[in-house]
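Tertiary structure, described
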Amino acid sequence: PAALPPAPLGFTDVSLNSRNTYEVSRRRSAPEHLPHGGTAPAEPAPPPQEPAERARHRVGIAGAGSSFAEFFTRNFFTKRTKELKPAVQSAPGWKLFGKVPPRENLPKDSKIIQQEYEARTGRMYKPPPSSARRKNIEFEPLSTTALILEDRPANLPAKSVEEALRHRQEYDEMVAEAKKREIKEAHKRKKIMRERFKQEENIASAMVIWVNEILPNWEGMRATRRVRELWWQGLPPSVRGKVWSLAVGNELNITPELYEIFLSRAKERWKSFSETSSENDTEDAGASVADREASLELIKLDISRTFPSLYIFQKGGPYHDLLHSVLGAYTCYRPDVGYVQGMSFIAAVLILNLEEADAFIAFANLLNKPCQLAFFRVDHSMMLKYFAAFEVFFEENLPKLFLHFKSYSLTPDIYLIDWIFTLYSKSLPLDLACRVWDVFCRDGEEFLFRTGLGILRLYEDILLQMDFIHIAQFLTKLPEDITSEKLFSCIAAIQMQNSNKKWAQVFASLMKDNKEGDKNHSPASKS
């Protein structure tokens with residue numbers, strides 16, 4: 001093959017062969033790196049695929065430009081060999097106001113520190129006994145010793161023996177406190193789980209009794225002492241809706257077919273109200289003003305605020321349309337009552353425990369009871385009678401708190417209206433409210449006011465220290481940690497008897513006094 005023409009000397013060729021140039025120049029410029037008594041190794045042969053002329057040209061360039069390559073290799077390509085590098089002493093450490101002598105020894109182990117401390121002070125450090133250590137790895141705290149037990153970096157002063165032992169003691173104390181907290185929390189969780197398992201077992205055994213013995217013989221067993229005691233303990237969720245329906249009854253003789261009729265009327269009315277023209281509204285003389293207002297915005301607004309934490313009654317939730325249907329059908333069924341705020345909570349609790357038609361039947365019959373009818377029709381005279389009867393038993397059971405409320409002119413309507421309108425389903429946790437409903441279906445309206453007295457008894461010590469504003473705020477929004485055991489123990493302590501008169505007798509006497517007062521103030525009596 002023809003010989004290649006000599007390549008011009010330039011930076012391109014140097015860069016292409018920079019590795020080989022570097023090797024040659026390194027040997028020429030750094031002879032001190034050669035092994036003692038040895039000779040310099042031969043130059044590496046060019047790669048097989050490289051022509052000989054090209055290789056000679058490459059070596060010539062390397063030799064001619066040794067000073068040029070030496071400049072690059074010494075400034076940019078210096079290669080350090082650790083094994084041939086002379087030992088250099090570590091730089092001295094630093095402290096705040098000057099240098100400290102360099103550290104010659106490695107960091108001391110904790111045992112060595114302990115031994116030196118014992119030799120200097122003559123005191124023995126006693127580690128905690130092995131029996132005190134935790135045997136259960138479940139409660140091991142997730143902590144680290146890095147910040148407390150680790151030695152300081154080399155450029156900082158070393159810990160003294162006293163400081164190291166103090167850090168060890170602080171760490172042990174932190175571990176002990178963490179252990180106590182975790183064991184306490186573990187015991188609390190176990191206690192809650194035991195109570196939950198016990199409650200589930202009681203519910204399972206009670207369900208068998210309700211299904212096999214009580215419900216088949218409802219009329220004969222509902223008033224027995226055994227059934228009333230089981231009732232007080234709370235109904236199993238699987239039979240709760242059935243027992244509620246039987247206890248509330250169906251005095252109005254509402255059928256599922258009647259519910260469908262009123263539901264279809266409600267849907268037609270919603271459709272007419274949704275139209276842009278209001279001609280149908282003015283022609284519809286059968287609809288009351290309350291029904292016109294309730295069947296639209298008020299119901300929609302109240303549904304969105306019903307059990308908001310559950311997210312099942314809000315728009316798009318699984319029970320939104322169902323709740324809207326029950327409330328809409330009721331406004332058509334009872335236009336004289338219409339819709340009142342608070343009804344949505346009662347209907348929602350029934351929907352959670354009953355089918356749609358059964359929930360409507362129970363809802364209509366429940367609101368037809370004297371107490372609920374008086375409140376939802378806003379019958380002021382009847383409401384005042386209920387408040388007066390409540391105050392009679394309030395003074396009898398909680399005289400100190402009664403006088404405290406009187407001193408601030410805090411009347412029962414401030415807190416009782418919300419409780420009665422929603423049957424405590426808004427003020428109490430849902431599971432606790434359902435248990436209140438259980439006994440309410442057994443005892444009637446009396447238990448609603450007894451429950452109110454039980455709440456006041458439960459928080460009597462706290463309420464005695466509050467003023468008017470704080471009492472009203474506290475009773476409107478009760479604590480969320482209230483438990484059924486505490487509340488029902490306080491309810492059981494309330495005696496619904498005044499001067500040998502029970503609730504019904506006290507309320508009847510108030511009604512009688514009211515009628516006699518009306519007669520005395522009538523025009524006929526004056527003439």
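Residues numbered from 1 in each chain as written. Predicted model: local features only at pLDDT ≥ 70, side-chain atom pairs only at ≥ 80, totals over all residues. Heavy atoms only, no water.

**Quick word on helix H18 (residues 380–397)**
- End to end, H18 covers 26 Å across 18 residues, agreeing with the expected 26 Å (1.5 Å per residue, within 8%).
- All of the buried residues in H18 are Met382, Met383, Lys385, Tyr386, Phe387, Ala389, Phe390, Phe393, Phe394 and Asn397. (Helix = DSSP H or I, 4+ residues; strand = E, 2+ residues; numbered from the N terminus. Expected span 1.5 Å × (residues − 1). Buried < 20%, exposed > 50% of the residue type's maximum accessible area, 1.4 Å probe, protein only.)

**Some thoughts on the layout of surface pockets**
- In this model, the largest pocket occupies a volume close to 1300 Å³.
- Lining the largest pocket we find 34 residues, and of these Gln199, Asp431, Arg435, Ser484 and Glu485 sit closest to its centre.
- When contributions to the lining of the largest pocket are tallied by element, the ones reaching two or more residues are helix H7 (161–214), helix H10 (237–248), helix H15 (343–353), helix H21 (430–443) and helix H25 (484–493).
- Per-element tally for the lining of the largest pocket: the top contributor is H7, with twelve residues.
- Considered class by class, the residues forming the lining of the largest pocket number 14 nonpolar, eight polar and twelve charged.
- Each of domain 1 (163–233) and domain 3 (375–516) accounts for three or more of the residues forming the lining of the largest pocket. (1 Å grid on protein atoms, 1.4 Å probe; cavity = no way out; pocket = protein on both sides within 12 Å on 5 of 7 lines; lining within 4 Å. Points joined across faces, edges and corners; volume = space filled by probe spheres on them. Nonpolar A, V, L, I, M, F, W, Y, C, P; charged D, E, K, R; others polar. Domains from an automatic or database assignment.)

**Concerning the UniProt feature "coiled-coil region" (unreviewed entry) in the protein**
- Here the UniProt feature "coiled-coil region" (unreviewed entry) sits at residues 161–196.
- Split by type, residues 161–196 is 100% helix and 0% strand. Its first and last C-alpha atoms lie 52 Å apart. (UniProt positions renumbered as here; feature names shortened; annotations may be inferred.)

**Here we look at the pattern of salt bridges**
- Applying the stated criterion to the full structure yields nine salt bridges.
- Among the ionic pairs, Arg442 bridges to Asp443, the shortest N-O distance being 2.7 Å.
- Look at Arg442 and you get buried, because its relative accessible area is 18%. (Salt bridge = Lys/Arg side-chain N within 4 Å of Asp/Glu carboxyl O.)

**Regarding helix H14 (residues 320–333)**
- With 14 residues, H14 extends 20 Å from end C-alpha to end C-alpha; this agrees with the ideal 20 Å at 1.5 Å per step.
- Within H14, 13 of the 14 residues are buried, leaving the element largely enclosed by the surrounding structure.

**Concerning the packing of aromatic side chains**
- Inspection of every chain in the model, using the stated rule, returns 32 aromatic pairs.
- On the numbers, 5.0 Å between centres and 90 degrees between planes, the contact of Phe376 with Phe421 is edge-to-face. Here Phe421 lies in helix H20 (residues 413–422) and Phe376 lies in helix H17 (residues 370–376), a separation of 45 residues in the sequence.
- The ring centre of Phe488 lies 4.1 Å from the NZ or CZ of Arg435, which sits over that ring. (Phe/Tyr/Trp six-rings, centres within 6.5 Å; stacked < 30°, edge-to-face > 60°. Lys NZ or Arg CZ within 6 Å of the ring centre and 35° of its normal.)

**What about a nonpolar patch on the surface?**
- Residues Met207, Val208 and Val211 make up a contiguous nonpolar surface patch of roughly 210 Å² in combined accessible area.
- The topology assignment puts Val208 in helix H7.
- Classification of Val208 as partly exposed rests on a relative accessible area of 42%. (Patch = residues over 30% accessible without salt bridge, like charges linked within 9 Å, V, L, I, M, F, W, Y side chains within 5 Å. Areas by Shrake-Rupley, 256 points an atom, 1.4 Å probe, with all protein chains shown as cover.)

**Points about unusual backbone geometry**
- For Ser409, which is not glycine, the phi dihedral falls at a positive 55 degrees.
- Even without a glycine there, the phi angle at Tyr424 is positive, about 65 degrees.

**With respect to the packing of H7 against H10**
- Here H7 crosses H10 at 40 degrees, and the two axes come no closer than 9 Å. One element, H7, and the other, H10, form an angle in the oblique class. In this structure, H7 meets H10 at a crossing whose hand is left-handed. Each of Ile203, Met207, Trp210 and Val211 in H7 lies in contact with H10, whose residues at this interface are Pro237, Ser238, Val239 and Val243. (Axes fitted to C-alpha atoms, helices over the stretch in contact; angles between N-to-C directions. Parallel < 35°, antiparallel > 145°, perpendicular 65-115°, else oblique. Left-handed = near helix turned anticlockwise from the far one by under 90°. Contact = heavy atoms within 4.5 Å.)

**As for the packing of H10 against H21**
- Where H10 meets H21, the axes come as close as 9 Å, and the angle between the chain directions of the two elements is 35 degrees. Classified by chirality, the crossing of H21 by H10 is left-handed. Facing Arg240, Trp244, Ala247 and Val248 of H10, the residues of H21 in contact are Cys434, Arg435, Trp437, Asp438 and Cys441.
- Its residues assigned to classes, the contact of H10 with H21 shows six nonpolar, no polar and three charged.

**Considering the nonpolar core**
- Judged by nonpolar contacts, the single largest core of 111 residues is most densely connected at Trp210 and Leu456.
- Leaving out residues up to four positions away in the same chain, Trp210 has contacts with Leu215, Pro216, Trp218, Val227, Leu230, Trp231, Leu235, Pro236, Val239 and Val243. (Core = buried A, V, L, I, M, F, W, Y, C linked by side-chain atoms within 4.5 Å.)

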